[in-house]
Protein chains: 2
Amino acid sequence: MASADERNSRTIHTAACLIIGDEVLGGKTVDTNSAYMAKWCFSLGLSLKRVEVIEDDESEIIEAVRRMSDRYDFVVTSGGIGPTHDDITYESIGKAFSLPLILNEDAYARMKKLSKPHPSQPDFSWDVDSPARQAKLRMVILPTDEARDQSKQFLFPHEDLWVPVNVVNGNVHILPGVPRLFEKLLDGLKPVLVPRLTDPEGKGLARVLISTPLAESAVAGFLTQFAAKVGPKGVKVGSYPRWEQNGTVTLVGRDQAYIESLVAEVEEGVQGKRVALEGEDDVAGGKKPLE
Amino acid sequence: MASADERNSRTIHTAACLIIGDEVLGGKTVDTNSAYMAKWCFSLGLSLKRVEVIEDDESEIIEAVRRMSDRYDFVVTSGGIGPTHDDITYESIGKAFSLPLILNEDAYARMKKLSKPHPSQPDFSWDVDSPARQAKLRMVILPTDEARDQSKQFLFPHEDLWVPVNVVNGNVHILPGVPRLFEKLLDGLKPVLVPRLTDPEGKGLARVLISTPLAESAVAGFLTQFAAKVGPKGVKVGSYPRWEQNGTVTLVGRDQAYIESLVAEVEEGVQGKRVALEGEDDVAGGKKPLE
């Protein structure tokens, strides 16, 4: 079993995203954070291996973060870190790794400095105890390993955001569920991560899309042989039908020049043409039956 | 260990959704099927407990479907059942439950009857072997338990769709990833499921939204006490901040009349008002800082 410090310094190959939210499973809210993270990982050449959406439930959170911390190099959680009773992510992750919850003075100082007074709380005081102050404090009482360097456990990727990215067990990064905050904080982690990527230049993966008017069954034979040829060279070939529109063939891999060298062969093989975006050649009303 | 027939007949309390797709994890495609299923489950009063997105990888598929089949009453998979080399869901799920892949005559007959000839394949023949025919056949060679009633393993919820819903191990329902097909087939399963729900009238869950202009920290105290009061009566209370807009409090449960009786108390407690949709009272440009 790797130590938290080992997890916090090793090369990052794989990523996972844990969405904690009754509101997503209940169909009230559409999760956009995992899709944002998928694009972000792709742009960094980081392989996102797993997304899971679970309930705001202590045992579910504990099981999922332990397993993900163990299996993947870089784990992000989203949600459950607000001031209300239904926010139990910090406590649950603390329990998962047997860490106490401790008031984080840095985060608290930033909260006091940067969180603007809410219009509905003109009389709020940081110095007088109140239910509102206690609720706010819940957001800065954080799972902490006192034996480890604090600066590796509490990141503040943005000057203008007080919310910390609490890094637990060396690789579990706890982010808020509000998409604007999630996105800003995830983006802010990039400089911390890039030196630890397999490609420390962070060039990311390359993807080429080739639109095809042919039926999937008509291109299956060509694609099977083609995938077998380029797979060993690190290129994944995908085929995606679309409802009453052209299908899309994708080539994904690290070696952009090699992928570019394959485009003409695929265009010929599927009687297609390269597109910048899936669907850019869509025909109004559709034009072909799905098979 | 329950038998497949037991899994196929017991009361359904819980659901899970497995999205199989490199294209989702790679950020090319935004998964909408799990969000559709979340709303669908809610409308039926079925508790969606877990969504997972995994790669098109045999060992990942095997691990996930075995675990989900064991833990949840009703499991749906999405994706990986087309005719191309990257579609490996049927084979992998067959392996997961040690079932052979067998040509399904019903599905094949429907395919021949209902799948219109693709414009690019005017000369296609079902009676002459060709790579295209072999590719199509891959879509009707399905994991099959020959010892069990076939009509429980292959459902055709729509008269106009040839694609079967293959039900493996009694509770794993294999659906295509193309959203239009996924949604039609899932909807088509409703009549099969409703008699097995805890509420066989399929009335679903009730949800009330109450918009609040207050900071989350200001309502946290009230909501904690309120949630403790109504939780034992089956009502879950959620609180969701939104960027520079009113927050939303939700009440969710089966007893609509009881939930209705609580609205006035919550409106008073959070100085808010009931809304039909989250955000319907949004103010252009936002109006309050997040705390």
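Naming follows an unreviewed UniProt entry, where chain A appears as MoaB/Mog domain-containing protein of Verticillium nonalfalfae.

Undergrad: Looking at this structure, how should I read the relation of the copies chain B and chain A?
TA: Both copies of the chain are related through a single rotation about an axis accompanied by a shift along the same axis. Between the two copies, chain B and chain A, the superposition gives an RMSD of 0.0 Å; the rotation angle is 180° and the shift along the axis is 0.0 Å. Between the two chains, the operation in question is that of a two-fold axis. Looking at the rotation axis and the C-alpha trace of chain B, the residue lying nearest is Glu52(B), at 2.2 Å. By residue overlap, the copies meet face to face through one surface: 100% of the interface positions of chain B are interface positions in chain A.

Undergrad: Is there a simple way to explain the domain arrangement of chain A in this structure?
TA: When the parts come together, some accessible area is lost, and that loss is often what is quoted as the size of the interface. According to the domain assignment, chain A consists of domain 1 (4-196) and domain 2 (206-275). The centre of domain 1 of chain A, based on its C-alpha atoms, is set 38 Å off from the matching centre of domain 2 of chain A.

Undergrad: Help me out: how do you make sense of the pairing of strand 9 (residues 206-212) of chain A in this one?
TA: For a regular strand, side-chain orientation follows a simple rule: the groups alternate between the two sheet faces. All names here are of chain A. In terms of burial, strand 9 is largely enclosed, as six of its seven residues are buried. Sheet topology places strand 9 next to strand 11 (residues 245-253); seven bridges connect them, and they run antiparallel. Residue pairing in the sheet places Ser211 in a bridge with Thr248 of strand 11. With three bridges joining them, strand 9 and strand 12 (residues 273-275) adopt antiparallel strand pairing. When the bridges of strand 12 are listed, Leu209 appears paired with Val275.

Undergrad: I keep staring at the interface of chain B and chain A and nothing clicks. Help me out?
TA: Across the boundary between the two partners, chain B contributes 72 residues, which contact 72 residues of chain A. With both sides pooled, the region where chain B packs onto chain A buries about 6000 Å², and carbon together with sulfur makes up 57% of that total. Counting the contacts that link chain B with chain A gives 12 salt bridges. Two residues, Glu63(A) and Arg50(B), come together in a salt bridge whose shortest N-O distance is 3.9 Å.

Undergrad: Any chance you could explain the UniProt feature "domain: MoaB/Mog" (unreviewed entry) in chain A here in plain terms?
TA: Per the UniProt record, "domain: MoaB/Mog" (unreviewed entry) is found at residues 16-196 of chain A. End C-alpha to end C-alpha, residues 16-196 of chain A measures 16 Å, and it is 39% helix and 19% strand.

Undergrad: Where do I start with the side chain of Ser211(B) in this structure?
TA: Residues and elements named next belong to chain B. Mapped onto the elements, Ser211 comes out in strand 9 (residues 206-212). On the accessibility criterion, Ser211 (3% relative accessible area) is buried. A polar atom in the side chain of Ser211 sits 2.5 Å from the side chain of Asp281. In this structure, Ser211 is in contact with Asn246, Gly247, Gly272, Lys273, Val275 and Asp281, ignoring residues within four places of it in sequence.

Undergrad: Even after reading the chapter, I still don't get the sheet that holds strand 9 of chain A, so can you show me in this structure?
TA: Two strands in a sheet stick together by hydrogen bonds in their backbones, pointing the same way (parallel) or opposite ways (antiparallel). Residues and elements named next belong to chain A. Pairing is antiparallel across the open sheet formed by four strands, whose spatial order is 10-11-9-12. Taken across any chain shown, the strands that pair with only one partner, and hence form the sheet edges, are strand 10 (236-242) and strand 12. Ignoring strand direction, the axes of neighbouring strands in this sheet form an average angle of 30°. Lying on the sheet, helix 9 (residues 216-230) is in contact with strand 9, strand 10 and strand 11; it crosses strand 10 at an angle near 165°. Running at roughly 5° to strand 9, helix 10 (residues 256-269) makes contact with strand 9, strand 11 and strand 12 of the sheet.

Undergrad: Can you walk me through the packing of aromatic side chains in this structure?
TA: Any two aromatic rings considered together are summarised by their centre-to-centre distance and by the angle between their planes. All names here are of chain A. Within this structure, the stated rule accounts for eight aromatic pairs over all chains. With 5.9 Å between their ring centres and 25° between their planes, Trp40 and Phe74 make a pair best called stacked. Here Trp40, found in helix 3 (residues 33-44), pairs with Phe74, found in strand 3 (residues 74-78); they are 34 residues apart in sequence, far enough to count as distant. Centre to centre, the rings of Tyr108 and Trp126 are 6.0 Å apart; their planes meet at 75°, and the pair counts as edge-to-face. Of this pair, Tyr108 sits in helix 6 (residues 105-114) while Trp126 sits in the loop between helix 6 and helix 7 (131-137), and the two are 18 residues apart along the sequence.

About the criteria used
Residues numbered from 1 in each chain as written. Chains lettered and ligands numbered in written order. Predicted model: local features only at pLDDT ≥ 70, side-chain atom pairs only at ≥ 80, totals over all residues. Heavy atoms only, no water. Least-squares fit on C-alpha atoms with pLDDT ≥ 70 in both. Contact = heavy atoms within 4.5 Å. Domains from an automatic or database assignment. Buried < 20%, exposed > 50% of the residue type's maximum accessible area, 1.4 Å probe, protein only. Helix = DSSP H or I, 4+ residues; strand = E, 2+ residues; numbered from the N terminus. Pairing = 2+ DSSP bridges. Buried area = accessible area lost by both parts, 1.4 Å probe. Salt bridge = Lys/Arg side-chain N within 4 Å of Asp/Glu carboxyl O. UniProt positions renumbered as here; feature names shortened; annotations may be inferred. Polar contact = N/O pair within 3.5 Å; in protein donor to acceptor, adjacent residues only side chain to side chain. Axes fitted to C-alpha atoms, helices over the stretch in contact; angles between N-to-C directions. Phe/Tyr/Trp six-rings, centres within 6.5 Å; stacked < 30°, edge-to-face > 60°.

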